[in-house]
Amino acid sequence: MSSDNPRDAIVESTAPLTDTRDARMGAGADDRFNSPLREAFGTQPFILTKFDKFMNWVRGSSMFLLQFGIACCSIEMMHTFGVKHDVDRFGAGVPRASPRQADCIIVPGTIVSKFAPRMKRVYDQMPEPKFVVGMGSCTISGGPFQEGYNVVKGAEEVIPVDIHVPGCPPRPEALVYGIAKLQERVANGESSPVVVKPYELEQFGDLDRDELVEKLADEIDEETLVMRYNWADSP
Amino acid sequence: MSADEELVETTVGSDLDADGIAALLGEAVLDREEHLNAPGFVIRPDAVQEVLTKLRDEAGFDHLSCVTAQQYTDRYESIYHLTSYDDRQREVSVVVPTDPERPVSQSAEPVFRTADWHEREAYDLVGIEYEGHPDLRRILLPQTWQGHPLSLEYHQDKPQIVTLDAHKNPLEADHRGNSETMFLNIGPHHPATHGVLHLKAVLDGEQVADVEPDIGYLHRCEEQMCQAGTYRHQIMPYPDRWDYISAGLLNEWAYARAAEDLADLEVPEYAQVIRTMSAELCRIASHLLAMGTFALDVNGDFTAAFMYAITDRERVQDILEDLTGQRMMFNYFRLGGVAWDLPEPREEFFGKIRDFLDHLPGAAEEYHNLITRNEVFQLRCVDTGYLSPEVAKSYGCTGAVARASGIDYDLRRDDPYGYYDELDWEVITEDGCDNYARLLVRMREVEQSARIIEQCVDLLEDWPEDDREIQSNVPRTLKPDEDAEIYRAVEGAKGELGIYIRSDGTDKPARFKIRSPCFSNLQALPAIAEGEYIPDLIAALGSLDIVLGEVDR
Ligand code: SF4
């Protein structure tokens, strides 16, 4: 039997199955557990779907966002959570204060060298599967501050980003659209491959012994986690 | 000190003109300079404390507004911009040159406490060292940073290494010193820090024994960006991003004012009225958010107040969007005026503003019912977070923070610009000195702003059609005179927002320094919070209303 064609019991009358069941249970049995669903499906009350498909649907329809403000874009993010735009209508409006409870992190702002390791820390604390929405030009390339001596040229240098919402700042409508797009992708079971990040946190002792490392060797403990910025090679 | 004595002291000081000051300072003065805003005195690097003490105690300059550091090819220079809380228009610049090989000068920290952070910043970005400074570490950049980015020989492409050890897992080995106290790490990712601020708090039981703000998590090189842009158009977009809580136009005005005075540009009266009106709209938006988030900080159940504030902000943003085309990053001011006239049809636009103004008193009443008259809120805020006027002055606090400590200081009145001196409004002060007073000042200021806007709308409605000049004639490339220096401030949403510009005769500034009100206000946090309970620390932080984009720049 091809799975394209439903069983007779589903399209045809359910009477034979009901009869069989009634015959088994005997007359006067308690029908408390009989639901319309059972009525429809007969004695095998199953819906068959793939478990991960189901999970994807659940994930996409109920996203917990991390309450994470960095810079100007976070003000527009607050407006997106606020009354007029209300991203809660789209099943993504529960801002969590702790990364351990969040599925999705919106990165709303400029990332600078001092903050990047902290942001990576926050991202690492989120449970899998996790998704990232980059909000604003700053998370794409550094935005208006790209030339700055201290500015990381895009969030992608630190963590993998699923959706980029361009704008400076993006309007709340744009952010809602970005979140909806992400939900759509999650529901379809897509998520971006985790790329190898150029700036992983490393132990200081593992770095190549170049001039800079030698210079800092007395100050920094070998075990300390560090992030290395090579501005010349960033995009 | 009694009120009489204070009066005598200020009158003694305020007689002094530039020559009088030179006489007062005596042989500490090496040379005289003329800045566009004030006389400048070049002094010996080892006489800083002596000079500043004299100026403060004998000439009435009790407000160290800003410290600018810069490097010339043959020397380093720190400039102390002094002024007075009683008379903002009296200004003096104290210029301290130092040797290029060994840039060391005396620290001003013992005289003005606000110099602490300002000098740390100067050390961090430019590389001047201050002798006698209690704690000369980097403040904005990571401790392991190599080089001083605003000095002349800095190479921006150098690799850098940044450590993560500053906040090791706070659960392990978190006892500092003897075990009576506990170290608590707050931030940089924390909902109550209003962005990416990091507080290192040491607790003694429930009480705060010591708190140290650690900033620099949003240091976006604003000064470098402005130094790389041309005066006419390339700098104006950046001010919007300093204080980004919709206070964009107020910041733009700070730059516009400094640059216009530097290049001697006129602004048509019509444009001034538009500027005044739109800037006050920004102030309302900014204060509303301050109020909403403060309510949330004090009690997480005040979500309603926060949501109402956001809704009202939406209204303001709508009006500003009609005017400027953007919700937050307006880029609407131009040197010599504004970018374009009010939107057509004008009646509809005015109608929208008037609707908002009519809605405001009712909304304000509701906020008072929800927040300030709420018993829980009062218990939390009245008499907590005390900031005395003397301490506020020595930290250089301005804006609502200073006015809530009874310091009657508002640049819109004391150093008039725009159209403010033609309008009828009041400077709000409170003398509660506590968290409650700081909120009250902001809420009452919203009402004053509404008054100002209303008068501006009246004026604009009747403005003759053939006299609507929005921009004066500004040369295409602006090249102010070589070596002209200016420090000008406006009343931003958080306080005195000052800009120092030095021109080198090209179309880009040679030094662009931003004096951020939040930077000075935040510095007072330890003085406010020490000895308070830990929840009151959060409330005090909320009542200072900082925005990290402006603290770190
Ligand atoms: S993209 Fe623009 S608005 Fe967003 S954080 Fe960057 S500068 Fe601010």
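Quick notes on the rules
Residue numbering note: each chain is counted from 1, following its sequence as written. Chains carry letters from A onward and ligands carry numbers from 1 onward, assigned in written order. For a predicted model such as this one, the threshold for reporting local features is a pLDDT of at least 70, and the threshold for listing and counting side-chain atom pairs is 80 or more; totals across whole chains, interfaces and linings nevertheless cover every residue. Side-chain measures here rest on the full set of heavy atoms in the structure, leaving out hydrogens and waters. Every helix listed is a DSSP run of H or I at least four residues long, and every strand listed is a run of E at least two residues long, numbered separately from the N terminus. Type-normalised accessible area, obtained with a 1.4 Å probe on protein chains alone, sets the label of each residue: buried when under 20%, exposed when over 50%, and partly exposed for intermediate values. A molecule or strand has a residue near it when one of that residue's heavy atoms lies within 4 Å. We call two residues contacting when some pair of their heavy atoms lies within 4.5 Å. Buried area is understood as the total, over both parts, of accessible area removed when two parts are fitted together, assessed with a 1.4 Å probe. Salt bridges are identified by distance alone: a Lys or Arg side-chain nitrogen within 4 Å of an Asp or Glu carboxyl oxygen. We call two N or O atoms a polar contact when they sit within 3.5 Å, provided that within protein one can donate a hydrogen and the other can accept it, with sequence-adjacent residues counted only if both atoms are side-chain atoms. Residue polarity is assigned by list, with Asp, Glu, Lys and Arg as charged and Ala, Val, Leu, Ile, Met, Phe, Trp, Tyr, Cys and Pro as nonpolar; anything else, Gly included, falls into the polar class. Pairs of strands are assigned from DSSP output, requiring at least two bridges between the strands. Axis lines are fitted to C-alpha atoms, over the contacting stretch for helices. Their N-to-C directions set the angle, which ranges from 0 to 180 degrees. Should an angle fall under 35 degrees it is called roughly parallel, over 145 degrees roughly antiparallel, and 65 to 115 degrees roughly perpendicular, with every other angle called oblique. Less than a right angle of anticlockwise turn of the near helix away from the far helix marks a crossing as left-handed, whereas a clockwise turn marks it as right-handed. For Phe, Tyr and Trp, rings pair up if their centres lie within 6.5 Å, where Trp contributes its six-membered ring, and each pair is then called stacked (planes under 30 degrees apart), edge-to-face (over 60) or tilted (otherwise). For a Lys NZ or an Arg CZ to count as sitting over a ring, it must be within 6 Å of the ring centre and within 35 degrees of the ring normal.

**Q** Whenever I open this one, the environment of B:N473 confuses me. Can you help?
**A** Residues and elements named next belong to chain B. Here N473 is to be found in the loop between helix 14 (435-461) and strand 14 (485-491). Residue classification places N473 among the exposed positions, given a relative accessible area of 78%. For the pair N473 and G337, spaced 136 residues apart in the sequence, the C-alpha separation amounts to 9.4 Å.

**Q** Honestly, the site of the ligand in this entry has me stumped. Any pointers?
**A** In the vicinity of the ligand lie 16 residues, with A:C72, A:C73, A:S137, A:C138 and A:C168 positioned nearest. Of the chains in the model, those with residues near the ligand are chains A and B. Broken down by secondary-structure element, the contributors of at least two residues to the shell around the ligand are helix 5 (72-81) and helix 7 (137-141) of chain A.

**Q** Sorry if this is basic, but what is going on with the interface of chain B and chain A here?
**A** The accessible area lost on association of the parts is a frequent measure of interface size. Tallying the contact residues gives 58 residues for chain B and 55 residues for chain A. Each partner contributes to the roughly 4900 Å² buried at the junction of chain B and chain A, and carbon and sulfur atoms together form 64% of this total. It is B:I161, B:L164 and B:H189 that lose the most area in chain B upon contact with chain A, and together they represent 16% of the buried surface on that side. Our enumeration of links across chain B and chain A arrives at five salt bridges. The closest approach of N and O atoms between A:K114 and B:D214, which form a salt bridge, is 3.1 Å. Summed over the shared surface of chain B and chain A, the result is 18 residue pairs in polar contact (both at pLDDT 80 or more). Within the residue set of the side of chain B that touches chain A, elements represented by two or more residues are strand 8 (160-163), helix 5 (222-227), helix 7 (269-298) and helix 8 (303-324) of chain B. Looking at which element gives the most residues to the side of chain B that touches chain A, the answer is helix 8 of chain B, with nine residues. Residue classes in the side of chain B that touches chain A are distributed as 31 nonpolar, 15 polar and 12 charged. Two elements, strand 7 (residues 225-229) of chain A and strand 8 of chain B, share four bridges in a ladder whose sense is antiparallel. For A:V226, the partnering residue across the bridge sits in strand 8 of chain B and is B:T163.

**Q** Quick question: what am I supposed to make of the packing of helix 7 of chain B against helix 9 (residues 346-372) of chain B here?
**A** Helix-helix packing: each pair is described by the crossing angle between the helix axes and the interaxial distance. Residue and element names in this part refer to chain B. It is at 13 Å that the axes of helix 7 and helix 9 come closest, and there the two elements cross at 30°. In terms of orientation, helix 7 lies roughly parallel with respect to helix 9. Remark: the crossing between helix 7 and helix 9 carries left-handed chirality. In contact with Y270, M277, I284, L288, M291 and A295 of helix 7, helix 9 contributes R346, F349, I353, F356, L360, Y367 and I371. Of the residues belonging to the contact of helix 7 with helix 9, the class tally is 12 nonpolar, no polar and one charged.

**Q** How should I be thinking about the packing of aromatic side chains in this particular structure?
**A** Here the distance between the centres and the angle between the planes together describe a pair of aromatic rings. Residue and element names in this part refer to chain B. Under the counting rule described, the total for this entry stands at 20 aromatic pairs over all chains. Ring centres 5.8 Å apart and planes at 85° place the aromatic pair W253 and F333 in the edge-to-face group. You can see W253 sitting in helix 6 (residues 248-263) and its partner F333 sitting in strand 12 (residues 333-334), a full 80 residues away along the chain. F333 matches W253 in its accessibility class, with the two residues each being buried. Aromatic rings pair up to connect W253, Y332, F333, W340, Y417, Y420 and W425 into one cluster. Over the ring of F112 we find R56, and its NZ or CZ is 5.9 Å from the ring centre. Sitting above the plane of the F333 ring, R275 keeps its charged end 4.9 Å from the centroid.

**Q** Can you help me understand the sheet that holds strand 6 (residues 202-203) of chain A in this one?
**A** Strands in a sheet are paired, the pairing made by backbone hydrogen bonds, and the direction either parallel or antiparallel. The strand order across the open sheet built from three strands is 6(A)-7(A)-8(B), with neighbouring strands paired in antiparallel fashion. Single-partner strands in this sheet number two, and they are strand 6 of chain A together with strand 8 of chain B. Most of the contacts of helix 6 (residues 116-125) of chain A go to strand 7 of chain A, to which it runs at about 125°, and overall it touches strand 7 of chain A together with strand 8 of chain B.

**Q** Is there a simple way to think about the sheet that holds strand 2 (residues 39-43) of chain B in this case?
**A** Residues and elements named next belong to chain B. In spatial order, the strands read 1-2-5-4-3; together these five strands make up an open sheet with mixed pairing. Whereas interior strands pair on both sides, the edge strands pair on one side only; in this sheet they are strand 1 (29-34) and strand 3 (63-71). When the angles between neighbouring strand axes are averaged without regard to direction, this sheet yields 20°. Where strand 3 meets strand 4 (residues 76-83), eight bridges bridge the pair, whose relative direction is antiparallel. Paired with H63 across the strands is T83, a residue of strand 4. The strands touched by helix 2 (residues 18-25) are strand 1 and strand 2; relative to strand 2, the strand with the most contacts, the crossing angle is about 15°.

Remember, this is a structural readout, not a statement about activity or role.
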